[in-house]
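Here are the chains, one letter per residue:
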Amino acid sequence: MAHPSQLGLQDAASPVMEELIHFHDHALMIVFLISTLVLYIIVAMVSTKLTNKYILDSQEIEIIWTILPAVILILIALPSLRILYLMDEINDPHLTIKAMGHQWYWSYEYTDYEELGFDSYMIPTQDLTPGQFRLLEADHRMVIPVDSPIRVLVSAEDVLHSWAVPALGVKMDAVPGRLNQTAFITARPGVFYGQCSEICGANHSFMPIVVEVVPLEHFENWSSLMMEDA
């Protein structure tokens, strides 16, 4: 959950999000070093009248400032590609859930069960109980078991939506007529919040995503109760 005036990313709740945070820090350090070097060169050029003829015409320096940026790009590209392939990796998911975007709510269907599906609407501000978050709470949460590979099939019924949960490192566009898929593993129990990340209309900011991660036996009890109620 994000905090007021928070500058960094949310705490990771999945291995992929941990990798993304590490890559963010890695790339940010490279950018910081480059910016510091460029700032130093600008200040040195503005504040001194000394001129070095060797620097003005030096083939060795030209070779260095041609090769060095290429090496830096490789240092950024290799971990980036590794994480990209990790995010696309879907190996034997234990549970498959179809998330459908509507104007303006989400509906979830647990495809491994015969009749387990529900709509998830935002709880209006006047109906919130103490401790619930405004514009983020939903009347039905997407419940999943912890430490299990989860595959989410994402689509939309009307316009473009985007199913995104920052703490899980998941963001997948919901396109009408197209079925996209993403996968994740949650490392710890908890409740994780997200929102539609596509400008989908007037109530775009009123279709939150709530993922509740529970132990396996709690998930089995919840699924049994949901199917009995259906």
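Residues numbered from 1 in each chain as written. Predicted model: local features only at pLDDT ≥ 70, side-chain atom pairs only at ≥ 80, totals over all residues. Heavy atoms only, no water.

**What about the UniProt feature "domain: Cytochrome oxidase subunit II copper A binding" (unreviewed entry) in the chain?**
- According to UniProt, the "domain: Cytochrome oxidase subunit II copper A binding" (unreviewed entry) feature falls on residues 92–225.
- Annotation note: span residues 92–225, helix share 7%, strand share 45%, distance between end C-alpha atoms 26 Å. (UniProt positions renumbered as here; feature names shortened; annotations may be inferred. Helix = DSSP H or I, 4+ residues; strand = E, 2+ residues; numbered from the N terminus.)

**Considerations on the layout of surface pockets**
- One number sums up the size of the second largest pocket: a volume of about 290 Å³.
- In this structure, the second largest pocket is lined by 13 residues; those nearest its centre are Val-16, Leu-86, Glu-89, Phe-184 and Ile-185.
- Listing elements by their share of the lining of the second largest pocket, those giving two or more residues are α1 (15–47), α3 (59–88) and β8 (180–185).
- Looking at the lining of the second largest pocket, its residues break down into 10 nonpolar, 1 polar and 2 charged.
- Counting residues domain by domain, the lining of the second largest pocket receives three or more from each of domain 1 (15–48 + 58–88) and domain 2 (95–229). (1 Å grid on protein atoms, 1.4 Å probe; cavity = no way out; pocket = protein on both sides within 12 Å on 5 of 7 lines; lining within 4 Å. Points joined across faces, edges and corners; volume = space filled by probe spheres on them. Nonpolar A, V, L, I, M, F, W, Y, C, P; charged D, E, K, R; others polar. Domains from an automatic or database assignment.)

**Focus: the domain arrangement of the chain**
- Under the domain assignment, the chain is made up of domain 1 (15–48 + 58–88) and domain 2 (95–229).
- Averaged C-alpha coordinates put domain 1 and domain 2 at centres separated by 37 Å.
- Taken residue by residue, the interface counts 4 residues in domain 1 and 5 residues in domain 2.
- Together, the buried faces of domain 1 and domain 2 total about 370 Å²; carbon and sulfur atoms form 58% of this surface.
- The three residues of domain 1 that bury the most area against domain 2 are Pro-15, Met-17 and Met-87, which together make up 81% of that side's buried surface.
- Our count for the domain 1 to domain 2 interface comes out at 0 residue pairs in polar contact (both at pLDDT 80 or more).
- Looking at the side of domain 1 that touches domain 2, the element that brings in the most residues is α1, giving 3 residues.
- Per-class residue counts for the side of domain 1 that touches domain 2 are 4 nonpolar, no polar and no charged. (Contact = heavy atoms within 4.5 Å. Buried area = accessible area lost by both parts, 1.4 Å probe. Polar contact = N/O pair within 3.5 Å; in protein donor to acceptor, adjacent residues only side chain to side chain.)

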